[in-house]
Amino acid sequence: MDYLTLKWIHILSSTVLFGTGIGLAFYFFAAHRVGNLASIQFTTRMVVKGDLIFTTPSGIVQIISGLLLLNELGIPLTEPWMSYALALFIFAGLCWLPVVWIQIRMRDIANNVSQLQQLPEQYWRLNKMWIMLGSLAFPALILVFWLMVNKPNL
């Protein structure tokens, strides 16, 4: 595969990863602020599906295309900006993995109640954990973008 095609795939997959992630997070967060059970139930189902359909494959493509680009350009993983970017990407991924489990658990809990008031305290604790982990992963990915574009001498 030529360099420009590989670069295009990498940029496209980063757009899908970040765009889908922030879009799903926005609707997940907003559904919980509205306080409507039907909205929460629908949104939790769609967010879990969206992560499986879009976020997971684009994250995998990011890793593969990124490593292929590094190889193509002869950039070692030990290059400081690359090491930081990789560490931040791994950090964001480690935040995202429990988020997937949290979203699935929240979906299951929400779909087993018939009134908003029946959502147990455990549900709202999971929601707080989801917000915390997302609040950590989001800036990490912003920094990855910055490092990828600027490639600073650190």
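Below: a short report on this structure. What you are looking at is a predicted structure, and each value in this text was computed from that prediction instead of being measured. (Residues numbered from 1 in each chain as written. Predicted model: local features only at pLDDT ≥ 70, side-chain atom pairs only at ≥ 80, totals over all residues. Heavy atoms only, no water.)

### Focus on helix α1 (residues 3–34)
Convention followed: Each helix is a run of H or I in the DSSP string that is no shorter than four residues. Each strand is a run of E no shorter than two, and both are numbered from the N terminus. What a helix should span is 1.5 Å times the count of its residues minus one. The buried label applies to any residue whose accessible area, calculated with a 1.4 Å probe on protein chains only, is under 20% of its type's maximum; exposed applies above 50%, and partly exposed to all values in between. In this description, contact between two residues means that some pair of their heavy atoms is separated by no more than 4.5 Å.
For α1, built from 32 residues, the straight-helix expectation of 46 Å at 1.5 Å per residue is met to within 8% by its first-to-last C-alpha distance of 46 Å. For α1, every residue scored as buried is listed here: Leu6, His10, Ser13, Ser14, Leu17, Phe18, Thr20, Leu24, Phe28, Ala31 and His32. Close packing links the buried residues of α1 with α2 (37–73), α3 (80–110) and α4 (121–150). Of the residues one or two after α1, glycine 35 is the one with positive phi, at around 80°.

### Description of a nonpolar patch on the surface
Just so we agree on the cut-off: Candidates for patches are residues over 30% relative accessible area with no salt bridge; among them, like charges are joined within 9 Å and nonpolar side chains (Val, Leu, Ile, Met, Phe, Trp, Tyr) within 5 Å. In short, Shrake-Rupley with a 1.4 Å probe defines the accessible areas, and a residue's cover is counted only from the protein chains shown. A carboxyl oxygen of Asp or Glu within 4 Å of a side-chain nitrogen of Lys or Arg is what we treat as a salt bridge.
On the surface, a nonpolar cluster with roughly 520 Å² of combined accessible area is contributed by Ile60, Ile63, Ile64, Leu67, Leu68 and Leu77. Here isoleucine 60 shows up in helix α2.

### Description of the layout of surface pockets
Heads up, the rule is: Cavity means a closed set of points on a 1 Å grid over the protein atoms alone, one where a 1.4 Å probe fits but cannot get out, pocket means an open set with protein on both sides within 12 Å along at least 5 of 7 lines, and lining means a residue has an atom within 4 Å of a point. Grid points are joined across faces, edges and corners, and a volume is the space filled by probe spheres set on the points. Each residue is assigned to one of three groups, with Ala, Val, Leu, Ile, Met, Phe, Trp, Tyr, Cys and Pro labelled nonpolar, Asp, Glu, Lys and Arg labelled charged, and all others, Gly among them, labelled polar.
By volume, the largest pocket amounts to about 800 Å³. Of all the secondary structure elements, the ones that give two or more residues to the lining of the largest pocket are α1, α2, α3 and α4. Here the lining of the largest pocket takes nine residues from α3, the largest share from any one element. The residue inventory of the lining of the largest pocket, partitioned by class, reads 23 nonpolar, eight polar and one charged. Counted as a void, the second largest pocket has a volume near 640 Å³. If you go around the second largest pocket, you meet 25 residues; those closest to its centre are His10, Gln62, Gly66, Leu69 and Met148.

### Digging into α2
Structural remark: α-helix, 3.6 residues per turn; residues separated by three or four positions point the same way. Applicable threshold: The quantity called bend is, for any residue, the angle between two axes fitted respectively to the seven residues ending at it and the seven beginning at it. Polar contacts here mean pairs of N or O atoms no more than 3.5 Å apart (in protein, one a potential hydrogen donor and the other a potential acceptor; neighbouring residues in sequence count only if both atoms are side-chain atoms).
In this model α2 runs 51 Å from its N-terminal to its C-terminal C-alpha over 37 residues, within 8% of the 54 Å that 1.5 Å per residue would give. Of all the bends found along α2, the most pronounced is centred on aspartate 51 and spans about 40°. N-capping of α2 is provided by asparagine 36, with a side-chain oxygen placed 3.0 Å from the backbone N of alanine 38. Count one or two residues on from α2 and you reach glycine 74, which has phi positive near 70°.

### A short note on the nonpolar core
Condition: Take the buried Ala, Val, Leu, Ile, Met, Phe, Trp, Tyr and Cys residues and link them wherever side-chain atoms come within 4.5 Å; each set so joined is a nonpolar core.
Among the nonpolar cores identified, the biggest contains 25 residues, and Ile102, Met106, Leu119 and Tyr123 are the most heavily contacted of them. Those elements that provide at least two residues to this core are α1, α2, α3 and α4. Non-local contacts of leucine 119, meaning those with residues more than four positions away in its chain, are made with Leu37, Ile40, Ile109, Ala110, Val113 and Trp124. Counting residues in hydrophobic clusters, the runner-up holds five residues, among them Leu70, Trp81, Met82 and Ala85.

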